[in-house]
Amino acid sequence: MEGYVVRGVENGARAIEELRRRPYDMVISDLKMPGLDGLQLLDQIAKERLNVISVIMTGFATVETAIEAMKRGAHDYILKPFKIEEVVHVVRKGLEFQNLRKENIRLRAAVTLYEVSQAVATSLDLDQVLDVILKAAQGEVEADVAALYLTDEQSGELVETRVVHSGDGKERDRTCPELVTAEVLGAFERGEEVIASGVRTQRYVRGAELPVSAMAVPVVTGKHLIGVLATFAYARGRTFDEGARKLLSVLATRAAASIEMTRLYGDLVTRNDELTEANEALERNFRQTITALARALEESDPYTRGHSERVAVYSGLIARGLGMSEAEIETVVQSGLLHDIGKIGIKTEMLNKPGKLTPREIALFQEHPDKGKRILEPIPFMKDLIPGVWCHHEHIDGGGYPQGLKSDDIPMLGRLIGIADAYDAMTSDRAYRRALSHEQAIAEIQRCSGTQFDAEFAEVFIREIEKWREEQQASGDPYPF
Ligand SMILES: [Fe+2]
């Protein structure tokens, strides 16, 4: 009449059978019954962890027994003879409590999942994440053992890789059962998850001590099964229910995501390492190419041997004095090394001819910056070096060649290498004249500062070359070239 669905059975043993068969919210039981009595019924409910609350009916004479019943897990009691309103009141209160308890379990599961998500989100350490997931699985479905099995790549068998046991020491010694790979995977292929108790567990599980109940769900990334998440219970009468299976399924999804993420991250690290290596190889290659080109040039013009290397060093001094970055200095030095690369095509006899060149010879000679540019243009990673090669004979006042550029229209590399080139040309013996002294060369640079040379760069060069010469002097190697 109150709207509850009630089923009556004649004794404790039948009550247990009924409770195992379908879920109930509440048991109202007498104490004295044939076979299994009220207290034994309470014990059995606790042992099998049946999710139901119990109310005991008792007469005045057995109040002590009622207290004993409460101790054994009864939720409440009703004194006989009872008034109907009192029964309704106790039932309503009991069901409210039961709802709260279920809510609490749901909340706990939610908290667990939240913790798992947090662990997955904040940690790239797979071991740590899998531990959290297994502990959650073991705790939330109240299993004795939770384990992760991964597919062995060679044999295709499911191999236990990680195990978590429930708290007390006895369970910790328990070995984790082996899964019967074919049966478990067979179930997955049929779209089922494994949930078995009693003798049925033998189909899926092998081992010295078989669990009373076993549950196994697939761990899948994409469409690829990588392993199995399983829980086992050993207490008699303990069975996993649908709720537990669903929770385990969710945890398996988290485990899969985590494994996938770690794998992707690992791939990324490897890919990045490979890329760095490739870049380094390319850079080495680049340096070797430049050195080879510079050497080829020097081979073709033995008289100016060492010129390219010295210009590279002097250009580097100016770049460093200007406070450029290491990468920029490197570009300046490489461009300095190659600045005369266009001379490769010019006959050496003409370059080293004593006395004056004919106008035709001068015109040929002055083609070398353009030639250098054309040599380097087809090589993508030489692109940054071209301005120094092309423009190192331009003058600030527009009187240089090949383009006759003025002041800031001349690329920085050209203005910079132009000074280094002029200084080395003046301080070296040539076929047509003797070398000038350092002081004479410096005086010449100062004289032409602002007309031929960039004034700021000339000033920096003079400062840096003096410093460098002092350092060379101090090191006992004043003429390194
Ligand atoms: Fe040149």
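Residues numbered from 1 in each chain as written. Predicted model: local features only at pLDDT ≥ 70, side-chain atom pairs only at ≥ 80, totals over all residues. Heavy atoms only, no water.

Thoughts on unusual backbone geometry
Right, so step 1: Between lysine 80 and the following residue, proline 81, the backbone shows a cis peptide bond with an omega angle of -5 degrees.
Right, so step 2: Position of proline 81 among the secondary structure elements: in the loop between strand S3 (76–80) and helix H4 (84–122).
Right, so step 3: Each neighbour pair has its own omega, and for tyrosine 401 with proline 402 the value is 5 degrees, a cis peptide bond.
Right, so step 4: By secondary structure assignment, the location of proline 402 is in the loop between helix H14 (386–391) and helix H15 (412–426). (Helix = DSSP H or I, 4+ residues; strand = E, 2+ residues; numbered from the N terminus.)

Overview of the packing of aromatic side chains
Right, so step 1: This model, assessed by the stated rule, comprises four aromatic pairs.
Right, so step 2: Considering the side-chain rings of tyrosine 314 and tyrosine 423, the 5.2 Å spacing of their centres and the 85 degrees angle between planes classify their relative orientation as edge-to-face. With tyrosine 314 in helix H9 (residues 307–321) and tyrosine 423 in helix H15, the pair connects residues that are 109 residues apart, well separated along the chain.
Right, so step 3: Residue class for tyrosine 423 comes out buried when judged on its relative accessible area of 4%.
Right, so step 4: Ring centres 5.2 Å apart and planes at 65 degrees place the aromatic pair tyrosine 423 and phenylalanine 461 in the edge-to-face group. Of this pair, tyrosine 423 sits in helix H15 while phenylalanine 461 sits in helix H17 (residues 455–474), and the two are 38 residues apart along the sequence. Note on accessibility: tyrosine 423 and phenylalanine 461 belong to one class, buried.
Right, so step 5: Counting every residue linked through ring pairs, the aromatic cluster contains Tyr314, Tyr423, Phe461 and Trp468.
Right, so step 6: Its end group placed over the ring of tryptophan 390, lysine 373 keeps NZ or CZ at 4.5 Å from the ring centre. (Phe/Tyr/Trp six-rings, centres within 6.5 Å; stacked < 30°, edge-to-face > 60°. Buried < 20%, exposed > 50% of the residue type's maximum accessible area, 1.4 Å probe, protein only. Lys NZ or Arg CZ within 6 Å of the ring centre and 35° of its normal.)

A look at the sheet that holds strand S1 (residues 26–30)
Right, so step 1: Strand order in this open sheet of three strands is S1-S2-S3, and the pairing throughout is parallel. Sheet topology places S1 and S3 at the edges, where each strand pairs with a single neighbour. This sheet shows a mean twist of 25 degrees between the axes of neighbouring strands, independent of strand direction.
Right, so step 2: Sheet topology places S1 next to strand S2 (residues 53–59); five bridges connect them, and they run parallel. Bridged to methionine 26 within S2 is isoleucine 53.
Right, so step 3: This element, helix H2 (residues 38–47), spans S1 and S2 of the sheet and lies at about 155 degrees to S1. (Pairing = 2+ DSSP bridges. Axes fitted to C-alpha atoms, helices over the stretch in contact; angles between N-to-C directions. Contact = heavy atoms within 4.5 Å.)

Observations concerning the pattern of salt bridges
Right, so step 1: Going through the model one piece at a time under the given rule, you end up with 27 salt bridges.
Right, so step 2: Here glutamate 183 ties to arginine 203 by a salt bridge, and the two come within 2.8 Å at their closest N and O atoms. A residue pair is termed long-range when its members are at least 10 positions apart, and glutamate 183 in helix H7 (residues 181–189) and arginine 203 in the loop between strand S7 (194–197) and strand S8 (205–206) qualify at 20 residues.
Right, so step 3: What makes glutamate 183 partly exposed here is its relative accessible area of 28%.
Right, so step 4: As a salt-bridge pair, lysine 373 and glutamate 377 come within 2.8 Å of each other at their nearest N and O atoms.
Right, so step 5: Linked through salt bridges whose partners overlap, the residues forming this network are Arg7, Glu18, Arg21 and Arg22. (Salt bridge = Lys/Arg side-chain N within 4 Å of Asp/Glu carboxyl O.)

So, helix H13 (residues 368–376)
Right, so step 1: Of the positions making up H13, those classed as buried are His368, Pro369, Gly372, Lys373 and Leu376. Each buried residue of H13 lies within a common arc of 145 degrees when the element is viewed along its axis, so the set occupies one face. (Arc of directions from axis to C-beta.)

Concerning the nonpolar core
Right, so step 1: Counting residues in hydrophobic clusters, the biggest one holds 28 residues, and the most contacted among them are Tyr314, Ile419, Tyr423, Ile445, Phe461 and Ile465.
Right, so step 2: Counting residues per element, the ones that place at least two in this core are H9, helix H10 (326–337), H15, helix H16 (438–447) and H17.
Right, so step 3: The element best represented in this core is H15, accounting for eight residues.
Right, so step 4: Leave out the neighbours within four places in its chain, and phenylalanine 461 touches Tyr314, Ile318, Ile419, Tyr423, Ile442 and Ile445.
Right, so step 5: Grouped together as the second largest cluster of nonpolar side chains are 26 residues, Ala143, Val164, Leu229 and Ile259 included. (Core = buried A, V, L, I, M, F, W, Y, C linked by side-chain atoms within 4.5 Å.)

A look at the coordination of the iron ion
Right, so step 1: Of the protein atoms, only Asp340 (OD), His368 (NE2), His392 (NE2) and His393 (NE2) coordinate the iron ion, at distances of 2.1 to 2.5 Å.
Right, so step 2: Classification of the site at the iron ion as irregular follows from its four donor atoms and the range of 82 to 165 degrees in their angles at the metal.
Right, so step 3: In the primary structure, the donors to the iron ion are separated according to the pattern D-x27-H-x23-H-H. Taken as a pair, aspartate 340 in the loop between H10 and helix H11 (348–351) and histidine 393 in the loop between H14 and H15 lie far apart in primary sequence, 53 residues in all.
Right, so step 4: A residue is classified by how much of its surface remains accessible, and histidine 393, at 17% relative accessible area, is buried. (Donors = N, O, S within 2.8 Å, 3.2 Å for Na, K, Ca; no water. Tetrahedral: all angles 85-135°; square planar, octahedral: opposite > 155°, others 65-115°.)

Describing the packing of helix H1 (residues 12–21) against H2
Right, so step 1: Between H1 and H2, the shortest axis-to-axis distance is 9 Å and the interhelical angle comes to 25 degrees. One element, H1, and the other, H2, form an angle in the roughly parallel class. In the crossing of H1 with H2, the sense of the turn from one axis to the other is right-handed. Between H1 and H2, the contacting residues are Gly12, Ala15, Ile16, Leu19 and Arg20 on the first element and Leu41, Gln44 and Ile45 on the second.
Right, so step 2: Classifying every residue of the contact of H1 with H2 gives five nonpolar, two polar and one charged. (Parallel < 35°, antiparallel > 145°, perpendicular 65-115°, else oblique. Left-handed = near helix turned anticlockwise from the far one by under 90°. Nonpolar A, V, L, I, M, F, W, Y, C, P; charged D, E, K, R; others polar.)

A closer look at the environment of arginine 433
Right, so step 1: Residue position: arginine 433 is located in the loop between H15 and H16.
Right, so step 2: The exposure class of arginine 433 is partly exposed, given its relative accessible area of 28%.
Right, so step 3: The spacing of arginine 433 and glycine 355 is 78 residues in sequence and 8.6 Å in space, taken between C-alpha atoms.
Right, so step 4: Those residues within four positions of arginine 433 in sequence are excluded, and the remaining contacts are Ala425, Met426 and Ser428.

Focus on the confidence of the model for the protein
Right, so step 1: Of the residues in the protein, 89% reach a pLDDT of 70 or more, and the chain-wide mean stands at 83.
Right, so step 2: Averaged over each element, pLDDT in the protein is lowest for helix H6 (residues 169–173) (53) and highest for H14 (96). (pLDDT = per-residue confidence, 0-100.)

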